[in-house]
Amino acid sequence: MNDPVWFLRVYDGVRHSFPTRWLEWLMAVYITWWGVSFIGVSPDPNPAIAAKSAWHDLTFWAPIPIWSLLMILIGVARLLALAINGTFRDTIYSQYSPVVRGACAFLSGVVWAFVALSSLSAGTQSAITYPTVFLIEWFMAWFVFGEAGDNLRAHYGRRKPKR
């Protein structure tokens, strides 16, 4: 890794796969950004305001620092999986990369499901926004796991991928 060529390989790999994976990249950055924005946030001390907040209900399941850490970990894992997927598309990892990407999308969907459930009780615009984010993630997981199945079947000689 002391050779500067590795940076160019990563750049070229990401540039090559970005047009087909742009939504995955966007959602990975989004959940990471959310996690970072939660750092240092404390619940509202005013109980009347806190009861109307979606974050009040989110903290029912876990404290805000746990949500922040979870979002950052999932987002960073997903960003790494996407970078590795594009960079090492000619290696054995490329067979299993869609499985890792699908698992990250699924876990992101689980987090957004909790955010969506919490926002429903707040009665604000977020009751529409976060369920939509949840649906995007779950559909993405569905399609990425489908890609994983195609790749694994192609690798083990059962069927060629549809590309």
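Refer to the preceding data block for the structure.
Residues numbered from 1 in each chain as written. Predicted model: local features only at pLDDT ≥ 70, side-chain atom pairs only at ≥ 80, totals over all residues. Heavy atoms only, no water.

Chemist: I'd like a rundown of the overall build of the chain, residues and numbers included.
Modeler: Along the chain, the regular secondary structure elements total six helices and zero strands. Helices (α) and strands (β) of the chain occur, in sequence order from the N terminus, as α-α-α-α-α-α. Each of the 163 residues in the chain was classed as buried or not, and the buried ones make up 36%. Once local pairs closer than 6 in sequence are excluded, the contacts in the chain between residues at least 24 apart make up 76%. As presented, the chain carries roughly 10000 Å² of accessible surface, and 72% of it is formed by carbon and sulfur atoms. (Helix = DSSP H or I, 4+ residues; strand = E, 2+ residues; numbered from the N terminus. Buried < 20%, exposed > 50% of the residue type's maximum accessible area, 1.4 Å probe, protein only. Contact = heavy atoms within 4.5 Å. Areas by Shrake-Rupley, 256 points an atom, 1.4 Å probe, with all protein chains shown as cover.)

Chemist: Lay out the nonpolar core with the relevant residues and their values.
Modeler: Trp34, Phe38, Met71, Trp112 and Val115 are the most contacted members of the largest nonpolar core, which has 18 residues in total. Listing elements by their share of this core, those giving two or more residues are α1 (5-38), α4 (64-87), α5 (93-120) and α6 (126-155). If you look at the next biggest cluster of nonpolar residues, it comprises five residues, including Val14, Trp25, Ala28 and Ala83. (Core = buried A, V, L, I, M, F, W, Y, C linked by side-chain atoms within 4.5 Å.)

Chemist: Summarise the environment of arginine 153; cite the residues concerned and give the values.
Modeler: Relative to the elements of secondary structure, arginine 153 occurs in helix α6. C-alpha separation for the pair arginine 153 and glutamine 95, spaced 58 residues apart in sequence, amounts to 9.7 Å.

Chemist: Explain the environment of glycine 86 to me, and be specific about the residues and the numbers.
Modeler: Among the secondary structure elements, glycine 86 is positioned in helix α4. Measuring from C-alpha to C-alpha, the distance between glycine 86 and glycine 13 comes to 4.3 Å, with 73 residues separating the pair along the chain. Beyond its immediate stretch of four places on either side in the chain, glycine 86 contacts Gly13 and Ser17.

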